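Summary of the model geometry
Read off the chains here:
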Amino acid sequence: MGFSVLPADYRTRKTAHMSPIRTILGIESSCDDSAAAVVQSDRKILSSVVVDQSELHAAFGGVVPEIAARAHTEKLDTAII
């Protein structure tokens, strides 16, 4: 399996046959983090925000699933807005 080498100006070149650039919202939640990113289809990152829950779980010595799930629903909007 090979790969193709793209010209250096590939990401900035505008030609009639190219698709319009799309903007994509990505949302991710791991066990103790919530994150959101806005990227464009040409791989340009417009925004990337991570909301950490470490302080919520520190007293328990590890991640507490119920606390993590509640924090995701309460804090994810702060990553998106």
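Residues numbered from 1 in each chain as written. Predicted model: local features only at pLDDT ≥ 70, side-chain atom pairs only at ≥ 80, totals over all residues. Heavy atoms only, no water.

So, on to helix α2 (residues 65–80). Helix length check: α2 (16 residues) gives 22 Å between terminal C-alpha atoms against 22 Å at 1.5 Å per residue, within 8%. Along its length, α2 reaches its greatest deviation from straightness, about 40 degrees, at Glu74. Looking only at α2, the buried set comprises Ala68, Ala71, His72 and Ala79. Packing partners of the buried residues in α2 comprise β1 (23–29), β2 (33–40), β3 (45–52) and α1 (54–58). (Helix = DSSP H or I, 4+ residues; strand = E, 2+ residues; numbered from the N terminus. Expected span 1.5 Å × (residues − 1). Bend = angle between axes of the 7 residues up to and from the residue. Buried < 20%, exposed > 50% of the residue type's maximum accessible area, 1.4 Å probe, protein only. Contact = heavy atoms within 4.5 Å.)

Here we take up the pairing of β3. Sheet analysis places β2 next to β3, joined by seven bridges and oriented antiparallel. Note that in β3 the partner of Ala36 across the bridge is Val49. Here β2 hands over to β3 after four residues, with Arg43 in that stretch at a positive phi of 75 degrees. (Pairing = 2+ DSSP bridges.)

Our focus in this paragraph is the pattern of salt bridges. Considering all chains together, one arrives at one salt bridge under this definition. Glu66 is the partner of Arg70 in a salt bridge, and the nearest nitrogen-oxygen pair spans 3.2 Å. On the criterion of helical spacing, the pair formed by Arg70 and Glu66 is a turn pair, its members being four residues apart in helix α2. (Salt bridge = Lys/Arg side-chain N within 4 Å of Asp/Glu carboxyl O.)

Next up on the list: the side chain of Gln53. With respect to the secondary-structure elements, Gln53 resides in the loop between β3 and α1. A polar side-chain atom of Gln53 sits 3.0 Å from a polar atom in the side chain of His57. There is a polar contact of 3.4 Å between the side chain of Gln53 and the side chain of His72. The residues contacting Gln53, other than those within four sequence positions of it, are Cys31, Asp32, Asp33, Ser34, Ala68, Ala71 and His72. (Polar contact = N/O pair within 3.5 Å; in protein donor to acceptor, adjacent residues only side chain to side chain.)

Further remarks concern the confidence of the model for the protein. With 78% of its residues at a pLDDT of at least 70, the protein reaches an overall mean of 83. Element-level pLDDT for the protein is lowest in α2, with a mean of 89, against a maximum mean of 94 in β3. (pLDDT = per-residue confidence, 0-100.)

On the basis of which strands lie adjacent, the open sheet formed by three strands has the order β1-β2-β3 and antiparallel pairing. The open sheet is flanked by β1 and β3, the only strands paired with a single partner. Between one strand axis and the next, the sheet turns by 10 degrees as a mean value, whatever way the strands run. Bridge count for β1 against β2 is seven bridges, and the pairing is antiparallel. Residue pairing in the sheet places Glu28 in a bridge with Ala35 of β2. On the sheet, α2 packs against β1, β2 and β3 and is oriented at approximately 30 degrees with respect to β2. (Axes fitted to C-alpha atoms, helices over the stretch in contact; angles between N-to-C directions.)

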